[in-house]
Amino acid sequence: MPTIDVNQLFPFIIIFTNAVTIVLVAFFVKELVKEKSGGLSKKDLKNESYQKALKILDEAKKESLDIYTDSHKKAQEIIQSALKVKNSSKEELDRQYHDLSQHQLEALDKISRDYLKSLRGTLMSEKDKSAEVVTKASGMITKEVMSEIGKMKENLVAKSAEAQKAIDERVGNEVKAVEEELKNYRSERMKSVDDKVVEIISSIAEKVIGRAMSLKDQQDFLMKVLEEEKRKGTLKL
Amino acid sequence: MRLNALEELIQYVKTKDRAYMCLETLNSLERSTFKRKKKDFPKELDKDLRFFLNNRVKNRDDIEKSKKALKEAKTLTLRVAFEPEENFVEKLYKWFRGRGLRGFLIEFVRDEGVSGGCELTYEGVFVDLTLKAKIKEFLKDKEYVSTQVL
């Protein structure tokens, strides 16, 4: 229920009573002027009117004061009544609020409990499902990993065999190369020895034969050598 | 004097030694204004050459041409250990002419280091025909040591 503040009404009441008073005074003055305008002089009439007006003003003042007092009293009463109403309304409202909140609390509690129960059920169900999924996934992962390990093992074995083969081949090639090198070296050394032997023998033979050759032999040998070169076709002049 | 006449001259001269001798003779002939006779030519020059100089060289132009031909003749050098005989030089010159060589003179160089055979040089070509080279060639095919060891 809306509450009425009395202090806000008070200035309106005063303005209203003053306005009523002024209207009444104006009315009486007019009437008096109408009645007295025939027998009295203008000055007397003016005084009389003035006195009457004063009287009327006093009466109006008194009446307005009464009205003000009454209105103030009434206002006080209204305020009191309004306060009473306000208090009772407040109490009622509080009570209703209390009831409503109590009811809402109960409802909320019930809803919460239901929701909690439902949530717990859902959670339990999800937990079971998750556990199942995890178990399944774990199994799959284990299977997959085992498969991968198997493949890796096979791959490693194959690679090891390849590496071993490559090493064997390389070692074989190295051995072959070393053997070949050794053979070449031995052959070169033997050739060198041969060359030296040939050099020595030829030197000795040249000296011995050369010394033993006569002029005729020398000339015949030269012709024979030239003929031989001609026959072989090696002498190209 | 024709070109084949000059070739004939070189053919008579045969060796470098005789070419020098011939050049001297040609110079003398030039100086004596052709008053020298066949009998005055050096005895080392063979009779064909003396005949050639006596009958074929008629004037200064012939002398100049002959000298030029002798100086410009190609040289076939043979490094040998002996002093060749006349008939051997003849035989050798013929042999080389038989191989197609023309306008050349043989130069014998005596070298005791060459025990037998010769070292031949002709127009930048060197051929080792010495006794030592021939013995080496003979022994090389035998492979004395290596074949027995390996």
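The structure under discussion appears in the preceding block.
K.L.:
Tell me about the overall build of chain B, residues and numbers included.
P.N.:
Across its full length, chain B carries seven helices and four strands. Tracing chain B from N to C terminus, the helices and strands come up as α-α-α-α-β-α-β-β-β-α-α. Considering only intrachain contacts with a sequence separation of at least 6, the fraction spanning at least 24 residues in chain B is 70%. Summing over all exposed atoms, chain B offers an accessible surface of approximately 8,400 Å²; the carbon and sulfur share of this is 48%.

K.L.:
Give me the packing of helix α3 (residues 215-232) of chain A against helix α6 (residues 131-140) of chain B: which residues, what numbers.
P.N.:
Across the interface, α3(A) lies against α6(B) with an axial gap of 11 Å and an inter-helix angle of 50 degrees. Comparing the axis directions of α3(A) and α6(B) gives the class oblique. In this structure, the crossing between α3(A) and α6(B) has a hand that is left-handed. Contacts between α3(A) and α6(B) involve Phe221(A), Val225(A), Glu229(A) and Lys232(A) from the first element and Leu131(B), Lys134(B) and Glu137(B) from the second.

K.L.:
Report on helix α3 (residues 47-55) of chain B, specifying residues and quantitative values.
P.N.:
Every buried residue of α3(B) is listed here: Leu49(B), Phe52(B) and Leu53(B). Down the axis of α3(B), the buried set is contained in an arc of 95 degrees. They therefore lie on one face.

K.L.:
Residues and numbers for unusual backbone geometry, please.
P.N.:
Glycine aside, residues mostly have negative phi angles, and peptide bonds mostly take the trans form. Residues and elements named next belong to chain B. Positioned with a positive phi, Lys-14 is a non-glycine residue whose angle comes to about 70 degrees. Among the structural elements, Lys-14 can be located in the loop between α1 (3-13) and α2 (16-31). The backbone phi angle of Glu-123 is positive, close to 45 degrees, even though this residue is not glycine. Note that Glu-123 resides in the loop between β3 (117-122) and β4 (125-130). Look at Glu-123 and you get exposed, because its relative accessible area is 57%.

K.L.:
Residues and numbers for the pairing of strand β2 (residues 104-110) of chain B, please.
P.N.:
Residue and element names in this part refer to chain B. By the bridge criterion, seven bridges tie strand β1 (residues 74-80) to β2 in an arrangement that is parallel. Bridge pairing links Val-80 to Arg-110 in β2. In the classification by handedness, the crossover that spans β1, the intervening helix α5 (residues 86-98) and the parallel β2 is right-handed.

K.L.:
Explain the sheet that holds β2(B) to me, using residue names and the numbers behind them.
P.N.:
Residues and elements named next belong to chain B. Ordered by their spatial adjacency, four strands build an open sheet running β2-β1-β3-β4, and the pairing between neighbours is mixed. Taken across any chain shown, the strands that pair with only one partner, and hence form the sheet edges, are β2 and β4. Within the sheet, the average angular offset between the axes of one strand and its neighbour, ignoring direction, is 15 degrees. As paired elements, β3 and β4 share six bridges and run antiparallel to each other. Residue Tyr-122 lies in a different strand from β4, and its bridge partner there is Val-125. Where α6 meets the sheet, it contacts β3 and β4, and its direction lies at approximately 75 degrees from that of β4.

K.L.:
Describe the packing of aromatic side chains, listing the residues and the values that go with them.
P.N.:
All names here are of chain B. All chains considered together, the criterion is met by six aromatic pairs over all chains. On the numbers, 4.4 Å between centres and 10 degrees between planes, the contact of Tyr-93 with Phe-104 is stacked. One end of the pair, Tyr-93, is in helix α5; the other, Phe-104, is in strand β2, and eleven residues separate them in sequence. Overall, the relative accessible area of 0% leaves Phe-104 in the buried class.

K.L.:
An account of the nonpolar core is needed here, citing residue identities and associated values.
P.N.:
Core analysis: the largest hydrophobic core is formed by 52 residues, its most contacted members being Leu226(A), Leu70(B), Leu78(B), Leu92(B), Phe96(B) and Leu120(B). For this core, the element with the most residues is α5(B), which contributes six residues. Two domains each donate at least three residues to this core, and these are domain 1 (3-72) and domain 2 (74-147) of chain B. Contacts of Phe96(B), omitting those with residues within four sequence positions, involve Leu226(A), Leu237(A), Leu76(B), Leu78(B), Leu101(B), Phe104(B), Ile106(B) and Leu120(B).

K.L.:
Give me the lowdown on the interface of chain B and chain A, citing residues and values where you can.
P.N.:
If you look at the interface, chain B gives 38 residues, while chain A gives 32 residues. Of the roughly 3,200 Å² buried between chain B and chain A, counting both surfaces, carbon and sulfur atoms make up 73%. The three residues of chain B that bury the most area against chain A are Trp95(B), Ser115(B) and Lys132(B), which together make up 18% of that side's buried surface. Among the salt bridges present, the one from Glu199(A) reaches Lys136(B), with a minimum N-O distance of 2.8 Å. The interface formed by chain B and chain A contains seven residue pairs in polar contact (both at pLDDT 80 or more). Looking at the side of chain B that touches chain A, the elements with two or more residues in it are β1, α5, β3, β4, α6 and α7 (146-149) of chain B. A total of eight residues in the side of chain B that touches chain A trace back to one element, the largest contributor, which is α6(B). For the side of chain B that touches chain A, a count of residues per class yields 23 nonpolar, five polar and ten charged.

K.L.:
Report on the pattern of salt bridges, specifying residues and quantitative values.
P.N.:
If charged atoms from side chains of opposite charge come close, those side chains can pair. All names here are of chain B. Using the criterion set out here, one finds 26 salt bridges over all chains in the structure. As a salt-bridge pair, Lys-14 and Glu-90 come within 3.3 Å of each other at their nearest N and O atoms. Residue Lys-14 is found in the loop between α1 and α2, and its partner Glu-90 is found in helix α5; the two are separated by 76 residues along the sequence. Assessed through its relative accessible area of 6%, Lys-14 is described here as buried. Exposure remark for Glu-90: the relative accessible area of 30% places this residue in the partly exposed category. Its salt-bridge partner being Arg-79, residue Asp-111 comes within 3.3 Å of it at the nearest N-O pair. With Asp-111 in the loop between β2 and β3 and Arg-79 in strand β1, this residue pair connects regions lying 32 residues apart in the sequence. We classify Asp-111 as partly exposed; its relative accessible area is 22%.

Calculation criteria
- Residues numbered from 1 in each chain as written.
- Chains lettered and ligands numbered in written order.
- Predicted model: local features only at pLDDT ≥ 70, side-chain atom pairs only at ≥ 80, totals over all residues.
- Heavy atoms only, no water.
- Helix = DSSP H or I, 4+ residues; strand = E, 2+ residues; numbered from the N terminus.
- Contact = heavy atoms within 4.5 Å.
- Areas by Shrake-Rupley, 256 points an atom, 1.4 Å probe, with all protein chains shown as cover.
- Axes fitted to C-alpha atoms, helices over the stretch in contact; angles between N-to-C directions.
- Parallel < 35°, antiparallel > 145°, perpendicular 65-115°, else oblique.
- Left-handed = near helix turned anticlockwise from the far one by under 90°.
- Buried < 20%, exposed > 50% of the residue type's maximum accessible area, 1.4 Å probe, protein only.
- Arc of directions from axis to C-beta.
- Pairing = 2+ DSSP bridges.
- Right-handed = clockwise from strand over helix to strand, strands pointing away.
- Phe/Tyr/Trp six-rings, centres within 6.5 Å; stacked < 30°, edge-to-face > 60°.
- Core = buried A, V, L, I, M, F, W, Y, C linked by side-chain atoms within 4.5 Å.
- Domains from an automatic or database assignment.
- Buried area = accessible area lost by both parts, 1.4 Å probe.
- Salt bridge = Lys/Arg side-chain N within 4 Å of Asp/Glu carboxyl O.
- Polar contact = N/O pair within 3.5 Å; in protein donor to acceptor, adjacent residues only side chain to side chain.
- Nonpolar A, V, L, I, M, F, W, Y, C, P; charged D, E, K, R; others polar.

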